[in-house]
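# Examination of the molecular architecture
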Amino acid sequence: MFNDIGALELVTIVVLAILVFGPDKLPKVIQDVMGVIRKIRAFSESAKQDIRSELGPDFKDFEFEDLNPKTFIRKQLAENEDLREIRSSFDLRQELNEVTDAVNSRDTAPEPAAAGASAAGPDLLKKPAAPAAEQRTPFDADAT
């Protein structure tokens, strides 16, 4: 329930509880909160038992966790044999490796000499040369 609370947050909560309720009333408040949590758990368990008894023997294996969509889909995928065959026949890693090899073999192939490069156009990976001093526009302080 509180899996992501660290030690600093827990200490902060305890200090705030002592400040709000005081050291005299804090044990009573903790007992009351724990009692409410126990009552809620007991109520939910009795409600689950009532629902199971009303559903009858056909649903004796029914679990409320199966109503979670992720759990339901995972259970259906695990039980369906046709989907198991499809998953076993389709190997995503092998497909990715084949595509990677095909791409890498094209990239590592020797490139044609300068004649082929000029036909393809300028090399966009090279930095352009800095313009000559006479090509630069003069700086205008009034324009800025």
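Up top is the structure these notes are about.
Residues numbered from 1 in each chain as written. Predicted model: local features only at pLDDT ≥ 70, side-chain atom pairs only at ≥ 80, totals over all residues. Heavy atoms only, no water.

## Things to note about the pattern of salt bridges
Overall, the coordinates contain two salt bridges when judged by the stated rule. Here Lys 28 and Asp 32 are joined by a salt bridge, their closest N and O atoms 3.3 Å apart. Here Lys 28 and its partner Asp 32 are both found in helix α1 (residues 7-55), four residues apart, which amounts to about one turn of the helix. For Asp 32, a relative accessible area of 40% corresponds to the partly exposed category. Lys 48 is the salt-bridge partner of Glu 45, the closest N and O atoms lying 4.0 Å from each other. On the criterion of helical spacing, the pair formed by Glu 45 and Lys 48 is a turn pair, its members being three residues apart in helix α1. Taking relative accessible area as the criterion, Lys 48 reaches 24% and is therefore assigned partly exposed. (Salt bridge = Lys/Arg side-chain N within 4 Å of Asp/Glu carboxyl O. Helix = DSSP H or I, 4+ residues; strand = E, 2+ residues; numbered from the N terminus. Buried < 20%, exposed > 50% of the residue type's maximum accessible area, 1.4 Å probe, protein only.)

Take it as geometry only, folks, not as evidence of what the structure does.
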